[in-house]
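Structural description and commentary
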Number of protein chains: 2
Amino acid sequence: MRFTLGDKAHEPFMTLDDILDRFYPLPDASKQAIRDLVKDVRYPKGHILLTADKVERYIYFISKGMVRAYADTPNGQVTFWFGAEGDVALTMNSYIAGQTSYEDIELLEDCNLYRIDIKKLKQLYQQDIHLANWGRKFTERELVRTEERLIAMQFKTAEERYTDLINKNPDLLLRVQLGHIASYLGISQVSLSRIRAARR
Amino acid sequence: MRFTLGDKAHEPFMTLDDILDRFYPLPDASKQAIRDLVKDVRYPKGHILLTADKVERYIYFISKGMVRAYADTPNGQVTFWFGAEGDVALTMNSYIAGQTSYEDIELLEDCNLYRIDIKKLKQLYQQDIHLANWGRKFTERELVRTEERLIAMQFKTAEERYTDLINKNPDLLLRVQLGHIASYLGISQVSLSRIRAARR
DNA sequence: TTCATTTTTTAACATTTGTAAAATTTTAAG
DNA sequence: CTTAAAATTTTACAAATGTTAAAAAATGAA
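Right, let's walk through the structure included here. (Residues numbered from 1 in each chain as written. Chains lettered and ligands numbered in written order. Predicted model: local features only at pLDDT ≥ 70, side-chain atom pairs only at ≥ 80, totals over all residues. Heavy atoms only, no water.)

Considering the sheet that holds strand 5 (residues 76-83) of chain B
Pairing within the open sheet is antiparallel, and its four strands lie in the order 2-7-4-5 (chain B). Of all the strands in the sheet, the pair left with one neighbour each is strand 2 (48-50) and strand 5 of chain B. The average angle at which neighbouring strand axes cross in this sheet is 35°, direction not considered. Contacts from helix 5 (residues 129-155) of chain A reach strand 4 (67-73) and strand 5 of chain B, with the element oriented near 130° to strand 5 of chain B. (Pairing = 2+ DSSP bridges. Helix = DSSP H or I, 4+ residues; strand = E, 2+ residues; numbered from the N terminus. Axes fitted to C-alpha atoms, helices over the stretch in contact; angles between N-to-C directions. Contact = heavy atoms within 4.5 Å.)

The following block contains the structure:
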């Protein structure tokens, strides 16, 4: 999922079942099919989990830790998504189109992840209608969130977007450095400093 | 679909089959199930097809015409999506969550539409795995487009976003007034006029 | 065509945000 | 604890965008 942190962000970790149940109720047989495909993996802070220029084979459910997605641009990196416990980390075009994508995913903390093979997951989408609808629901939730953020970018000031962000995700300030937050808000770090100074 | 206009935008109109085939190959039985639910409707330019404050019962495939989605804000309307032939017009939260949403859909031209009942479509998602995957694919395509636009908002100048927009959609300038385009780009109409003046 | 309405552009000034560089604070390693 | 590195804030100035109001152009109905 692209940007949640809401519900269970403060939990120390989430189980695979916790994560699967967030999007859509699945019968146990479908959950078991996922469990059979999943492998537990761990990587340290700073690890690049997925890269833009590769067709990535896996997506990752985040059990514990914080990550960011960023696009490389002529003007530097643009962070456009944070993922925490319960979210799904993936490079969009690899997942959706089997092509290279526009973003890298970097771990901002040591992470425990559930790794799953995209091709095998898609085979399940073709075989199991519950999982096909689970996959639909997952994307739908991301789409609503992304569209809401896009609209906010079109008419809210940077200060409003900052306030909204930390109100919805108070722990973000404790877990993510301000440079990444500024980028996520679409402003320079200097601008974010000014906004924060004005709030004191 | 949220913002395409690409492939067949210049076509005078698209059939239901054209539209269904854009996202995902469907067996004929599945297409027939959709055909059985669909009703042809027409509305004139200016008609408000869907509204934010209602739980809408229908979504519409656009056979002919141009529409926009906009959110009402304290500072006026924010247009954040244009739909043309082949696109799907819907209020997101009605479609996704069965709740009121954040946008109205207004017709910018006289339109021919295929109307379909959301509840019945969702029943099909539960019964027909091909349609469930069609629905997944539809949302996935929207998500990639929306995410790409969000990233562009974060690091491209208004002028670059304007150039990108009209390069991808040359006919947009002929079919949509500049005030809506300015809003879509996240700038004032005055700013857009300045950008256009500088390009001459 | 003519006239009223709507849309778009232009002008003037205010505000926001960006950039570059320096100062300060925080973090992390030894 | 001390020190070097990294992150954050501050400052000064430049560039981009917003707001308001007026002028010009385009549109559409009679």
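Right, picking up where we left off after that structure.
Things to note about the protein's contact with DNA strand D
Close to DNA strand D lie 17 residues; Leu 178 and Ser 193 of chain A together with Ser 188, Ser 191 and Arg 194 of chain B are nearest. The protein-proximal atoms of DNA strand D, defined as those within 4 Å of the protein, are 54% sugar or phosphate. Within the backbone of Gly 179 of chain A, one N or O atom sits 3.3 Å away from a phosphate oxygen of DNA strand D. Taking Arg 196 of chain A, its side chain carries an N or O atom lying 3.2 Å from a phosphate oxygen of DNA strand D. For the surface near DNA strand D, the elements supplying multiple residues, two or more each, are helix 8 (178-185) and helix 9 (189-198) of chain A together with helix 9 (189-198) of chain B. Among the elements that line the surface near DNA strand D, the one with the most residues is helix 9 of chain A, at six residues. (Near = heavy atom within 4 Å. Polar contact = N/O pair within 3.5 Å; in protein donor to acceptor, adjacent residues only side chain to side chain.)

Digging into the relation of the copies chain A and chain B
Structural alignment of chain A on chain B gives an RMSD of 0.0 Å, achieved by rotating through 180° and translating 0.0 Å along the axis. Taken together, the rotation and translation describe the operation of a two-fold axis. Looking at the rotation axis and the C-alpha trace of chain A, the residue lying nearest is Arg 136 of chain A, at 2.0 Å. When the interface residues of chain A are mapped onto chain B, 100% of them again lie at the interface, so the same face is used by both copies. (Least-squares fit on C-alpha atoms with pLDDT ≥ 70 in both.)

Some remarks on the environment of Thr 51 of chain B
Residue and element names in this part refer to chain B. Position of Thr 51 relative to the elements: it lies in the loop between strand 2 and strand 3 (58-64). Put simply, Thr 51 and Thr 139 are 88 residues apart on the chain and 20 Å apart in space, counted from C-alpha to C-alpha. In this structure Thr 51 touches Glu 56, Thr 91, Glu 103 and Asp 104, once residues within four positions along its chain are discounted. Among the polar contacts listed, one links the side chain of Thr 51 to the side chain of Asp 53, at a separation of 3.3 Å.

Comments concerning the packing of aromatic side chains
Under the definition given, this model contains 16 aromatic pairs over all chains. On the basis of an interplanar angle of 45° and a centroid distance of 6.1 Å, the ring pair of Phe 80 of chain B and Tyr 102 of chain B is categorised as tilted. A residue pair is termed long-range when its members are at least 10 positions apart, and Phe 80 of chain B in strand 5 and Tyr 102 of chain B in the loop between helix 3 (92-97) and strand 7 (104-107) qualify at 22 residues. Here Tyr 102 of chain B falls in the buried class, since its relative accessible area comes to 15%. In textbook terms, an aromatic cluster arises when at least three aromatic residues are bridged by ring pairs, as seen for Phe 23, Phe 61, Tyr 95, Trp 134 and Phe 138 of chain A. Seen from the ring of Tyr 58 of chain B, Arg 115 of chain B lies directly overhead, with NZ or CZ sitting 4.0 Å from the centre. (Phe/Tyr/Trp six-rings, centres within 6.5 Å; stacked < 30°, edge-to-face > 60°. Buried < 20%, exposed > 50% of the residue type's maximum accessible area, 1.4 Å probe, protein only. Lys NZ or Arg CZ within 6 Å of the ring centre and 35° of its normal.)

A few points about the nonpolar core
By size, the foremost hydrophobic cluster in this structure holds 92 residues, and its most contacted members are Ile 34, Phe 61 and Tyr 95 of chain A together with Ile 34, Phe 61 and Tyr 95 of chain B. When residues no more than four places from it in sequence are discounted, the contact partners of Phe 61 of chain B are Leu 16, Ile 19, Leu 20, Asp 87, Val 88, Asn 112, Leu 113, Tyr 114, Ile 116 and Trp 134 of chain B. (Core = buried A, V, L, I, M, F, W, Y, C linked by side-chain atoms within 4.5 Å.)

Thoughts on the protein's contact with DNA strand C
In the region of DNA strand C, 16 residues are neighbours, and Ser 188, Ser 191 and Arg 194 of chain A together with Leu 178 and Ser 193 of chain B sit closest. When atoms of DNA strand C within 4 Å of the protein are sorted by moiety, sugar and phosphate together comprise 57%. A distance of 2.6 Å separates a base nitrogen of DNA strand C from a polar side-chain atom of Arg 194 of chain A. The separation between a phosphate oxygen of DNA strand C and a polar side-chain atom of Gln 189 of chain B is 3.5 Å. Those elements giving two or more residues to the surface near DNA strand C turn out to be helix 9 of chain A together with helix 8 (178-185) and helix 9 of chain B. Among the elements that take part in the surface near DNA strand C, helix 9 of chain B stands out by supplying six residues, more than any other.

Purely spatial values, then, with no claim about function.
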